[in-house]
Amino acid sequence: MWIDTIKAKIARRNPVLGSDSDLMEDLIDESLYDIVSYANADKYNTAWDRVLIQCVLQKYNTMGIEGSISRSANGVSDRYESSDVCASIISRNVPQYLKPSGYIYKSTRFDRPL
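Student: Just to check I follow, could you spell out the environment of Thr46 for this structure?
Tutor: Relative to the helices and strands, Thr46 is located in the loop between helix 3 (21-39) and helix 4 (49-61). In sequence terms Thr46 and Trp2 are 44 residues apart; their C-alpha atoms lie 8.6 Å from each other.

This is the structure in structure tokens:
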């Protein structure tokens, strides 16, 4: 299945996240929603899998600092492009589709291929 391949790739990059299937599912769902919303697409395009994996890992790595653009602790400083860690990844890699004026989104706009 498509989603199993995504989960396996995420687990190889971050074994700790890979061992928490509930958290991984939540982060995948959030990232899918972010990507589809940005693209104004009706469905997720599997060409965006690399972006999905990057977003999931970024969301995991920045848990606990939501809303921050910088932090310092023990002499180490971190700075982020924005408080939305996936926004820059998505905007660089996913085209934004323009819908015709008056377009009404279907209530089932968010479907992921399973």
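Student: Mind showing me how you'd approach the pattern of salt bridges here?
Tutor: A side chain with one charge may pair with a side chain of the opposite charge, provided their charged atoms come close. Evaluation of the coordinates by the stated rule reveals 3 salt bridges. For Asp34, the salt bridge goes to Lys59, with nearest N and O atoms at 2.9 Å. You can see Asp34 sitting in helix 3 and its partner Lys59 sitting in helix 4, a full 25 residues away along the chain. A network of salt bridges, in which partner residues are shared, links Glu30, Asp34 and Lys59.

Student: What should I look at first to understand the packing of aromatic side chains in this one?
Tutor: Aromatic ring pairs are reported here in terms of the distance separating the ring centres and the angle at which the planes meet. This model, assessed by the stated rule, comprises 2 aromatic pairs. When the centroid spacing of 5.3 Å and the interplanar angle of 55° are considered together, the rings of Trp2 and Tyr44 count as tilted. Of this pair, Trp2 sits in helix 1 (residues 2-13) while Tyr44 sits in the loop between helix 3 and helix 4, placing them 42 residues apart in sequence. Tyr44 shares its class with Trp2; the two are buried.

Student: Before we go on, may I ask you to explain helix 3 in this structure?
Tutor: Residue pairs three or four apart in sequence face the same way in an α-helix, which turns once every 3.6 residues. Look at helix 3: 27 Å from first C-alpha to last across 19 residues, which is about the 27 Å you get at 1.5 Å a residue. Taken together, the buried positions of helix 3 are Leu23, Met24, Leu27, Ile28, Ser31, Leu32, Ile35, Val36 and Ala39. Of the residues trailing helix 3, Asn40 is marked for its positive phi of about 55°.

Definitions and limits used
Residues numbered from 1 in each chain as written. Predicted model: local features only at pLDDT ≥ 70, side-chain atom pairs only at ≥ 80, totals over all residues. Heavy atoms only, no water. Helix = DSSP H or I, 4+ residues; strand = E, 2+ residues; numbered from the N terminus. Salt bridge = Lys/Arg side-chain N within 4 Å of Asp/Glu carboxyl O. Phe/Tyr/Trp six-rings, centres within 6.5 Å; stacked < 30°, edge-to-face > 60°. Buried < 20%, exposed > 50% of the residue type's maximum accessible area, 1.4 Å probe, protein only. Expected span 1.5 Å × (residues − 1).

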